[in-house]
Amino acid sequence: MEPTTFVLFGATGDLAKRKIYPALFNLFIDKKLPQSFSIIGLGRREWTDASFRTNVEQSIRDFSRRKGTDAVLVNEFLQAFRYSVLDIDRKEDYQKLLLLVEQREQELRVAPNRLFYLSVGPEYFEKIAAHIQESGLGSAQGWKRLVIEKPFGHDLQSARDLNEKLSKSFAEEEIYRIDHYLGKPMVQRLEALQQTNPVIQAIWNNRYIANVQITANETVGVEERAGYYDHVGAIRDMFQNHLLQMLMMTAIQVPSKSAADKVRFKKKQVMEALEPLQKQDVASSIIRGQYAAGSIQGKPVVDYLAEPGIAPASMNDTFVAAKLQIDNSFWRGVPFYIRTGKRMKEKSTRIVIEFSEPLKQSSSTVNEQAAPNLLVIEMSPNEKIMLQINTKDTENKGEFKPIQIDLNPGDHDFPEAYESLIQDALHGDATFFAHWDEVELSWAWVQPVLEAFEENLVPLHKYASGTYGPAEADALLAQDGFHWWFDS
Ligand code: BG6
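As a convention, each chain's residues are numbered from 1 in the sequence order in which they are written. Restriction of local features to residues with pLDDT of at least 70 applies here, the model being predicted, together with a cutoff of 80 or more for giving and counting side-chain atom pairs; totals for whole chains, interfaces and linings are based on all residues. Excluding hydrogens and water, the side-chain figures rest on all heavy atoms present in the structure.

Attention now moves to the overall build of the chain. On a plain count of helices and strands, the chain comes out with 16 helices and 16 strands. Dimensions of the chain along its principal axes, counting C-alpha atoms only, are 75 × 50 × 45 Å. Using a 1.4 Å probe on the protein chains alone, a residue whose accessible area is under 20% of its type maximum counts as buried, one over 50% counts as exposed, and one in between counts as partly exposed. Here the chain, with 488 residues, has 54% of them falling under the buried criterion. When checking whether two residues touch, look at their non-hydrogen atoms; a contact exists if any pair is within 4.5 Å. The contacts in the chain between residues at least 6 apart in sequence include a share of 77% that link residues at least 24 apart. Numbered from the N terminus, helices here are DSSP runs of H or I no shorter than four residues, and strands are runs of E no shorter than two.

Next comes the structure, spelled out in structure tokens:
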């Protein structure tokens, strides 16, 4: 891997502490960082190199899956870290940063390959990108990359504005938009599952698949993020990005060689084939919910409107369920049901592929009780791929019974999403990052939904915390003769 200087804006923040340092450390332990690697942390706080390292060390102790590592290795890792105070608006601070970056490159005798990671609010993306360009930080001989996190805009127009501004300083190939769901090991396995298994490829279409269900349920509520969440809701926070990305990854016909541009081209094709909704019709395909008081795992929790910082009459959505259709030859007629909610009964993130019922496939002898085959790609609570098939029930003659086969037994030490994503960004592999085309098409699909919510054209259903959301979300499937799998 090429030598790299990792320049981290927002080095004193929560994401850096919880995700980025532990991920870098795990990569270091696995020898997946470049041989010559330096990290320059930036923030407003008056930290020194020493206090920065102490904080990084603490974050490793608290959050790394390699907590117990030998102190000598931890110390070796920390040697890569430098800190510089930076006020996002101050030109001089970027000049100071440039000097530090150059000094490190000379010390390590490495080419000026620079990865700028913006672990800051999206309102700062544009400014920082412009300063990187103006200061000369971005015009070195090596490569430069910009890593940013969602949200990319608030709606279609603001996303376009943001992209246009960023593109003045960085080319599309240099921008790595993180959607951490694309870093989840099971989402990444979807690609290999199709690509390397003709048996899966052959049935990955509307001839054999009856419906697809994508769920991302959480037990947490709004937490301390009222200021952000009450303006965003489940539709912008989860649906527009994570859930549509999972849909794309499920519905693409994976190319035989998965170069980033090919995978992204296929994802774009899926989004282009997604049947658009008209604002007036949103209510028939989308269920909007908001949590009421209830109890989660025996603990009472309050109504969304009673959470600190939430507007008293907020109509914000904490739950969204939707039925989507992809109009292409592979998926025509197969409903994709998607749902996400806060304060649900349990944390569960999974994709369920329900195959057509045996009875509908072949006419006669199959017992009516035979359950459909299911392929389940589960990210939470367990990371696994499971296949449900039918076998003869030896205890009840003439009956069938479904059995569930774990397709990755014993394979349980998965890297965390941020590890894979940071490693890929260092390698320059953009396969599992969101291309602008996908982001724009996702916003374009969601835009009429945002407007319908805004104009109250879609009822807001209250649901008790600790349930699977409003009953209307069940009815959405029931009207097609289906039900959500694994709600118990
Ligand atoms: C984030 C959302 O992107 O994803 C959060 O902003 C949400 O609201 C989180 O809780 C869920 O991620 P995960 O990996 O825990 O499913």
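Anyway, onward from the coordinates.
A pair is scored as a salt bridge if a Lys or Arg side-chain nitrogen falls within 4 Å of a carboxyl oxygen belonging to Asp or Glu. Evaluated as defined, the whole model comprises 26 salt bridges. Here Glu-419 and Arg-65 are joined by a salt bridge, their closest N and O atoms 2.8 Å apart. Of this pair, Glu-419 sits in helix α14 (residues 417-427) while Arg-65 sits in the loop between α2 (49-63) and α3 (71-78); the two residues are 354 residues apart in sequence, bridging distant segments of the chain. Each of Asp-14, Lys-17 and Arg-18 takes part in a single network of salt bridges with overlapping partners.

Another aspect to go through is the sheet that holds strand β2 (residues 37-43). At least two bridges found by DSSP between two strands are what make those strands a pair. Pairing in this open sheet of six strands is parallel, and the strands run β3-β2-β1-β4-β5-β6 from one edge to the other. With partners counted over all chains shown, the strands left at the sheet margins are β3 (81-85) and β6 (175-178), one partner each. Between one strand and the next, the sheet's axes are offset by a mean angle of 20°, whatever the strand orientation. Only C-alpha atoms enter the line fits that serve as axes; for helices the fit covers just the stretch in contact. Angles between N-to-C directions range over 0 to 180 degrees. Relative to β3, α2 is tilted by about 120°, and along the sheet it contacts β2 and β3.

This part takes up the UniProt feature "binding site: NADP(+)" (unreviewed entry) in the chain. UniProt positions are given in the numbering used here, feature names are shortened, and annotations may be inferred rather than shown by experiment. Taken from the UniProt record, the annotation "binding site: NADP(+)" (unreviewed entry) applies to Gly-10, Ala-11, Thr-12, Gly-13, Asp-14, Leu-15, Ala-16, Lys-17, Arg-44, Asp-87, Ile-88 and Lys-150. Along the chain, the position of Gly-10 falls in the loop between β1 (4-9) and α1 (14-29). Sequence-distant contacts of Gly-10, that is, excluding residues within four places in its chain, are made with Ala-16, Leu-42, Ser-119 and Val-120. Topologically, Ala-16 is positioned in helix α1. The exposure class assigned to Ala-16 is buried, which follows from its relative accessible area of 0%. If sequence neighbours within four positions are ignored, Ala-16 has contacts with Leu-8, Gly-10, Ala-11, Tyr-21, Pro-22 and Ser-119.

Right, let's talk about the site of the ligand for a bit. Near is defined per residue: the residue qualifies when any heavy atom it owns lies within 4 Å of the molecule or strand. Lys-150, His-180, Tyr-181, Lys-184, Glu-218, Arg-225, Asp-237, Met-238, His-242, Lys-342 and Lys-347 make up every residue found near the ligand. Distance and chemistry together define a polar contact, namely a pair of N or O atoms within 3.5 Å, with one atom able to donate a hydrogen and the other to accept it when in protein, and with adjacent residues in sequence counting only for side-chain atoms on both sides. At a separation of 2.5 Å, an oxygen atom of the ligand approaches a polar side-chain atom of Glu-218. At 2.8 Å, a side-chain N or O of Lys-342 approaches an oxygen atom of the ligand. Surface burial for the ligand is 79%, taken as the share of its 400 Å² of free accessible area covered by protein chains. Of the residues in the shell around the ligand, the class split is two nonpolar, two polar and seven charged. Where accessible areas are quoted, they stem from the Shrake-Rupley method and a 1.4 Å probe; at the residue level, only the protein chains shown are allowed to cover. Residue classes follow a fixed rule: Ala, Val, Leu, Ile, Met, Phe, Trp, Tyr, Cys and Pro count as nonpolar, while Asp, Glu, Lys and Arg count as charged, and any other residue, Gly among them, counts as polar.

Below, the discussion takes up unusual backbone geometry. Look at the link from Lys-150 to Pro-151: it is a cis peptide, with omega at 0°. For Pro-151, the position within the fold is in the loop between β5 (144-149) and α6 (156-166). Going from Ser-380 to Pro-381, the amide bond is cis rather than trans, its omega being 10°. Position of Pro-381 relative to the elements: it lies in the loop between β13 (374-380) and β14 (384-392). Its identity as a non-glycine residue notwithstanding, Arg-109 has a phi of 55°, on the positive side. Note that Arg-109 resides in the loop between α4 (91-108) and β4 (114-118). Given a relative accessible area of 77%, Arg-109 falls into the exposed group. With a phi angle near 55°, Glu-223 is a residue other than glycine that sits in the positive phi range. Tracing the backbone shows Glu-223 in the loop between β7 (209-217) and α9 (226-229).

All right, on to the UniProt feature "domain: Glucose-6-phosphate dehydrogenase NAD-binding" (unreviewed entry) in the chain then. According to UniProt, the "domain: Glucose-6-phosphate dehydrogenase NAD-binding" (unreviewed entry) feature falls on residues 7-188. Spanning residues 7-188, this segment combines 46% helix with 16% strand, and its end C-alpha atoms are found 26 Å apart.

On to the environment of Glu-224. Looking at the element boundaries, Glu-224 is found in the loop between β7 and α9. Separated by 84 residues in sequence, Glu-224 and Pro-308 place their C-alpha atoms 8.1 Å apart.

What follows is about the packing of aromatic side chains. Between the rings of Phe, Tyr and Trp (Trp by its six-membered ring), a pair exists once the centres lie within 6.5 Å; its type follows the angle of the planes, with under 30 degrees stacked, over 60 edge-to-face, and the other angles tilted. Inspection of every chain in the model, using the stated rule, returns 22 aromatic pairs. Considering the side-chain rings of Phe-52 and Tyr-83, the 5.3 Å spacing of their centres and the 55° angle between planes classify their relative orientation as tilted. You can see Phe-52 sitting in helix α2 and its partner Tyr-83 sitting in strand β3, a full 31 residues away along the chain. The residues Phe-52 and Tyr-83 share a single accessibility class, namely buried. On the basis of an interplanar angle of 65° and a centroid distance of 6.3 Å, the ring pair of Tyr-337 and Phe-482 is categorised as edge-to-face. One end of the pair, Tyr-337, is in strand β11 (residues 336-341); the other, Phe-482, is in the segment after α16 (471-478), with 145 residues separating them in the sequence.

To count toward a patch, a residue needs a relative accessible area above 30% and no salt bridge. Like charges then connect within 9 Å, nonpolar side chains (Val, Leu, Ile, Met, Phe, Trp, Tyr) within 5 Å. Together, Ile-403, Ile-405 and Leu-407 line one region of the surface with nonpolar side chains, adding up to about 210 Å² of accessible area. On the secondary structure map, Ile-403 appears in strand β15 (residues 400-406).

This brings us to the confidence of the model for the chain. The predicted coordinates of low-pLDDT regions are not to be read in fine detail. pLDDT runs from 0 to 100 and stands for how confident the predictor is about each residue. Mean pLDDT over the chain: 93, with 97% of residues reaching 70 or higher. Predicted as a complex, the structure gets a pTM of 0.94 and an ipTM equal to 0.99.

Below, the discussion takes up the packing of α6 against helix α15 (residues 436-454). It is at 9 Å that the axes of α6 and α15 come closest, and there the two elements cross at 160°. Judged on the interaxial angle alone, α15 and α6 are roughly antiparallel. In this structure, α6 crosses over α15, and the sense of that crossing is left-handed. Residues Leu-156, Ala-159, Arg-160 and Asn-163 of α6 lie in contact with α15, whose contacting residues are Trp-436, Glu-440, Trp-443, Ala-444 and Gln-447. When describing relative orientation, an angle under 35 degrees is termed roughly parallel and one over 145 degrees roughly antiparallel, while 65 to 115 degrees is termed roughly perpendicular and anything else oblique. Crossing handedness: left-handed means the near helix sits turned counterclockwise from the far one by under a right angle, and right-handed means the same turn made clockwise.

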